[in-house]
Amino acid sequence: MGAADTRGRLARLTRARCVVVKIGSSLLVDADSGRLNRGWLESLAADVARLRARGQQVVIVSSGAIALGRRHLGLEPGRLKLEESQAAAAVGQIRLAHAWKEVLEAHGLTVAQVLLTLGDTEERRRYLNARSTMRTLLALGAVPVINENDTVATAEIRYGDNDRLAARVAAMLAADCTVLLSDVDGLYTAPPGRDPDARLIPEVDEITAEVLAMAEGPGSAYGSGGMATKIEAARIAVSAGCHLCIASGRVTSPLAAIEAGAACTWFKAHGAPLAVRKQWIAGSLRPAGELVIDEGAAAALGRGKSLLPAGVTAVRGRFERGDAVRVLDTAGHELARGLVAYSSADADRIRGRKSAEIESILGFRGRAEIVHRDDLVVTRKETA
Ligand code: GLU
């Protein structure tokens with residue numbers, strides 16, 4: 001493996017527009033004392049500040065609520081019942097958020113706590129809401145610190161592990177790099193403790209059956225998110241166009257360590273996040289309705305702009321917010337496909353109107369765009 005390969009891989013982190021960093025409980029909380037590893041957290045905060053200073057967006061997915069909270073409730077070591085871990089999370093999350101606020105504020109960074117449940121990334125409407133809140137936070141320069149809302153998430157509606165939560169968040173935000181920091185430094189060909197020939201794999205190009213078998217081998221289940229959930233997270237991330245790195249957090253300044261060439265495993269994404277998302281919108285969704293638009297709006301679409309209600313002349317079909325729709329010109333030719341920000345009933349009421357009028361017409365303050373340009377794929381350029 002040449003130095004150029006290594007540099008190329010590192011650029012996935014150093015050149016990423018948006019980086020999601022997931023931190024495992026075992027790094028944040030000392031196993032014996034149940035207390036926060038403050039010095040380590042401060043070193044990671046310095047890492048985050050450096051990325052932000054380079055102009056990169058950073059999203060943190062932080063575990064540790066349950067591990068931090070249990071001591072304060074006098075819960076004995078060992079496995080907790082679901083309701084005990086939910087109670088521990090309620091106590092721990094407030095401390096966790098406070099710690100993040102302190103360490104990041106020391107670098108002048110504003111921290112935002114976001115607690116998600118599975119539905120926030122799997123249900124269309126909630127997905128759109130969570131995404132727009134998170135995008136707004138990032139646009140305003142804040143660092144979102146995300147965890148699962150363990151206190152209310154019951155067994156059947158849980159992510160269960162933050163590896164997959166991090167990958168879902170990365171896909172939702174069209175992030176281009178995800179780093180999973182835990183007590184393992186990557187994927188090995190065999191369990192490293194048992195097999196002297198075990199080799200760390202620096203790069204996984206495709207998640208093949210062979211790769212899955214390495215993750216499932218005995219002795220490779222580390223903590224709540226074992227190697228199998230990390231591979232599952234990698235599958236989610238790369239299929240959304242996001243590179244994913246499994247790296248050790250057992251060092252201070254773990255992101256700087258990766259940049260300095262520490263051993264880790266990269267799962268390579270094929271295609272950029274937005275391009276992958278647009279392929280998905282253009283190709284695999286069955287449109288639920290149609291928006292007919294005027295010439296001015298068609299021209300704006302061709303210039304890469306969002307579709308505003310003002311340019312819509314007719315609404316056809318029945319759809320909900322978040323559904324896929326076809327965008328047609330007045331002659332009925334398809335110009336674009338996209339995910340619509342309003343239901344068909346609401347779209348019909350605001351069509352032809354200015355975005356500033358939306359609130360007085362619908363009685364709530366909706367998005368200015370009826371289809372945002374990130375959710376829009378031009379399928380045919382207007383030539384007229
Ligand atoms: N949400 C859990 C916590 O904060 C951690 C889940 C995980 O580590 O994967 O304690």
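Analysis parameters
- Residues numbered from 1 in each chain as written.
- Predicted model: local features only at pLDDT ≥ 70, side-chain atom pairs only at ≥ 80, totals over all residues.
- Heavy atoms only, no water.
- Helix = DSSP H or I, 4+ residues; strand = E, 2+ residues; numbered from the N terminus.
- Buried < 20%, exposed > 50% of the residue type's maximum accessible area, 1.4 Å probe, protein only.
- Contact = heavy atoms within 4.5 Å.
- Near = heavy atom within 4 Å.
- Polar contact = N/O pair within 3.5 Å; in protein donor to acceptor, adjacent residues only side chain to side chain.
- Nonpolar A, V, L, I, M, F, W, Y, C, P; charged D, E, K, R; others polar.
- Core = buried A, V, L, I, M, F, W, Y, C linked by side-chain atoms within 4.5 Å.

A. Representation of the environment of Asp 375 in the model. Inspection of the secondary structure puts Asp 375 in the loop between α15 (358–362) and β13 (376–378). Note on Asp 375: relative accessible area 5%, which makes it buried. Through-space distance from the C-alpha of Asp 375 to that of Ala 175 is 15 Å; in sequence the pair is 200 residues apart. Residues within four places of Asp 375 in sequence aside, it is in contact with Arg 131, Arg 277, Ile 281, Arg 337, Gly 338 and Leu 339.

B. Structural view of the site of the ligand. Inspection of the region around the ligand gives 10 residues, with Ala 65, Ile 66, Asn 147, Asp 150 and Asn 162 positioned closest. Measuring from an oxygen atom of the ligand, one finds a backbone N or O atom of Ala 65 at 3.0 Å. Note that an oxygen atom of the ligand is positioned 2.7 Å from one of the side-chain N or O atoms of Asn 147. Considered class by class, the residues forming the shell around the ligand number two nonpolar, six polar and two charged.

C. Layout of the nonpolar core. Counting residues in hydrophobic clusters, the biggest one holds 41 residues, and the most contacted among them are Leu 116, Ile 146, Leu 187 and Phe 267. Those elements giving two or more residues to this core turn out to be β1 (18–23), β2 (57–62), β3 (111–116), α7 (124–139), α8 (162–172), α9 (209–216), α10 (227–239) and β7 (243–248). No other element matches the seven residues that α10 contributes to this core. Not counting residues within four places of it along the chain, the set of residues in contact with Leu 116 comprises Ala 130, Met 134, Ile 146, Asn 147, Glu 148, Asn 149, Tyr 159, Leu 165 and Val 169. In this structure, Leu 13, Val 21, Ala 99 and Val 179 belong to the second largest nonpolar core, which totals 38 residues.

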